[in-house]
Amino acid sequence: MYKPRYSDHRSALRVAGACCLALAAASGPVHANSYPEKPVQLIVPFPPGGVTDALARVMAKALDRPLGQPMIVVNKPGASGMIASESVKTSVADGYTLLMGHIGTHAVNPALFPNISYKPVDDFVPISLIASTPVMLLVSSKIQADNVAQLAALVKEKPGVLNYASFGAGSSSHLYAELFKSVANLDIVHIPYKGPAPAMQDLLGGQVDMMFDTVASSVPQLKTGKVRALAVASAERVPLAPDVPTFAELGMKQLDGGPWFALFAPKGTPPQIVAKLEREVRTALKTKPVVQALEAQGIHVIGSSASDLSKYQAEEISRWANLVKQFAIKID
């Protein structure tokens with residue numbers, strides 16, 4: 001009987017290995033081209049009811065048909081968005097788990113949390129900068145101030161007495177309030193809530209004095225007469241509230257620009273899948289129903305390329321690192 005020599009074994013193993021590599025290389029593009037073959041999960045790092053959740057649901061619905069599979073929104077709130085971000089970071093990089101990241105999770109958190117469990121740039125693949133929305137400074141109708149100057153004067157008369165609500169430590173409402181406090185040199189007490197809904201409820205009820213909230217959530221509440229908007233953090237006045245001045249007009253340019261939202265995939269996601277998602281997302285965000293639905297909520301649609309998102313994210317990380325350091329913004 002013929003007995004293979006050691007060199008024959010090695011030759012056979014090399015041939016088998018080469019065949020496996022060839023099959024793997026061939027199967028990669030085939031799998032990517034057929035993506036998706038099952039529902040896609042879109043992880044949202046905040047509770048239902050906020051602007052991030054609303055934006056994610058509009059986008060997910062718009063992508064159902066072009067992707068040929070449902071996109072399911074899953075809320076994983078907690079730890080300033082780090083729980084959701086960590087879960088996507090450690091998920092299988094196959095395009096079936098995506099993250100609706102935002103200014104906090106992918107720009108600000110590294111400056112606020114020295115022991116952050118993920119790297120916003122290294123652990124994720126950018127897909128598209130989806131949208132942005134400015135935030136407004138709201139005050140309870142019980143506060144006797146019709147503009148920022150009057151509010152500042154009132155706070156300085158009672159340092160450490162007035163308070164502000166936020167959606168939670170590290171949220172955009174917290175960051176902009178702390179930035180406002182630092183720029184205006186004000187002593188205002190932070191009261192964190194678990195999400196925007198309970199914070200707004202207490203602001204409307206007069207249990208808290210002020211809050212930074214998105215235009216999308218703020219404008220409907222202005223009609224109740226229980227809150228007033230004193231300024232908006234945007235480069236220009238917003239169409240939904242044209243009478244509200246920008247902070248830049250008031251000499252506080254540091255508060256220009258509002259929260260932004262972007263789609264990310266875990267590192268290692270096949271480029272073909274990333275390219276397909278980028279293409280479908282940008283197409284969906286140009287459709288009239290999607291644009292109208294989002295703009296009606298005060299959300300500015302962007303739909304950037306992946307490369308543009310990468311550049312913008314780097315700029316925002318640098319910007320917020322400098323602001324956090326300059327104004328000594330800290331998590332309570």
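Residues numbered from 1 in each chain as written. Predicted model: local features only at pLDDT ≥ 70, side-chain atom pairs only at ≥ 80, totals over all residues. Heavy atoms only, no water.

Trainee: Sorry, what's going on with the overall build of the protein here?
Mentor: Summing up its helical and strand segments, the protein has 11 helices and 11 strands in all. Principal axes of the C-alpha set define a box for the protein whose edges measure 100 × 40 × 30 Å. In the protein, which comprises 332 residues, the share counted as buried stands at 50%. The long-range fraction of contacts in the protein, counting pairs at least 24 apart against all pairs at least 6 apart in sequence, stands at 77%. Summed over all atoms, the accessible surface of the protein reaches about 15400 Å², with 57% contributed by carbon and sulfur. (Helix = DSSP H or I, 4+ residues; strand = E, 2+ residues; numbered from the N terminus. Buried < 20%, exposed > 50% of the residue type's maximum accessible area, 1.4 Å probe, protein only. Contact = heavy atoms within 4.5 Å. Areas by Shrake-Rupley, 256 points an atom, 1.4 Å probe, with all protein chains shown as cover.)

Trainee: When you look at the nonpolar core in this model, what are you seeing that I'm missing?
Mentor: When a protein is soluble and globular, its nonpolar side chains tend to lie buried together. Counting residues in each nonpolar core, the largest one holds 51 residues, and the members touching the most others are Leu-137, Leu-151, Phe-180, Met-210, Phe-212, Phe-247 and Leu-255. The element contributing the most residues to this core is helix H6 (residues 172–184), with six residues. If near-sequence neighbours (up to four positions away) are discounted, Phe-247 is found in contact with Leu-137, Val-148, Phe-180, Phe-212, Ala-231, Val-232, Ala-233, Met-252, Lys-253 and Leu-255. Within the second largest apolar cluster, 33 residues are counted, among which are Val-44, Met-71, Leu-98 and Met-100. (Core = buried A, V, L, I, M, F, W, Y, C linked by side-chain atoms within 4.5 Å.)

Trainee: Hey, could you run me through the pairing of strand S10 (residues 260–266) in this one?
Mentor: In summary, the side chains of a regular strand alternate between the two faces of the sheet. Taken across its seven residues, S10 has seven buried, putting it largely inside the fold. In S10, alternate side chains face the same way, and those of Trp-260, Ala-262, Phe-264 and Pro-266 on one face and Phe-261, Leu-263 and Ala-265 on the other are all buried. Both strand S3 (residues 97–102) and S10 contribute to a ladder of four bridges, which runs antiparallel. Bridge pairing in S10 links Gly-101 to Ala-262. By the bridge criterion, seven bridges tie strand S4 (residues 124–132) to S10 in an arrangement that is antiparallel. Each residue of the ladder has a partner; that of Phe-124, found in S10, is Pro-266. (Pairing = 2+ DSSP bridges.)

Trainee: Looking at this model, I keep getting lost on the packing of helix H2 (residues 51–67) against helix H9 (residues 271–284). Mind explaining?
Mentor: Packed helices, taken two at a time, are described by their axes: the angle between them and the distance between them. Contact geometry of H2 with H9 gives a least axis separation of 10 Å together with a crossing angle of 120°. One way to sum up the angle between H2 and H9 is to call them oblique. As H2 packs across H9, the resulting crossing turns out to be right-handed. When H2 is examined against H9, the residues Met-59, Ala-62, Leu-63, Pro-66 and Leu-67 are found in contact with a partner set consisting of Leu-277, Glu-280, Val-281 and Ala-284. Here the contact of H2 with H9 is composed, by residue class, of eight nonpolar, no polar and one charged. (Axes fitted to C-alpha atoms, helices over the stretch in contact; angles between N-to-C directions. Parallel < 35°, antiparallel > 145°, perpendicular 65-115°, else oblique. Left-handed = near helix turned anticlockwise from the far one by under 90°. Nonpolar A, V, L, I, M, F, W, Y, C, P; charged D, E, K, R; others polar.)

Nothing here speaks to function; it is all geometry.
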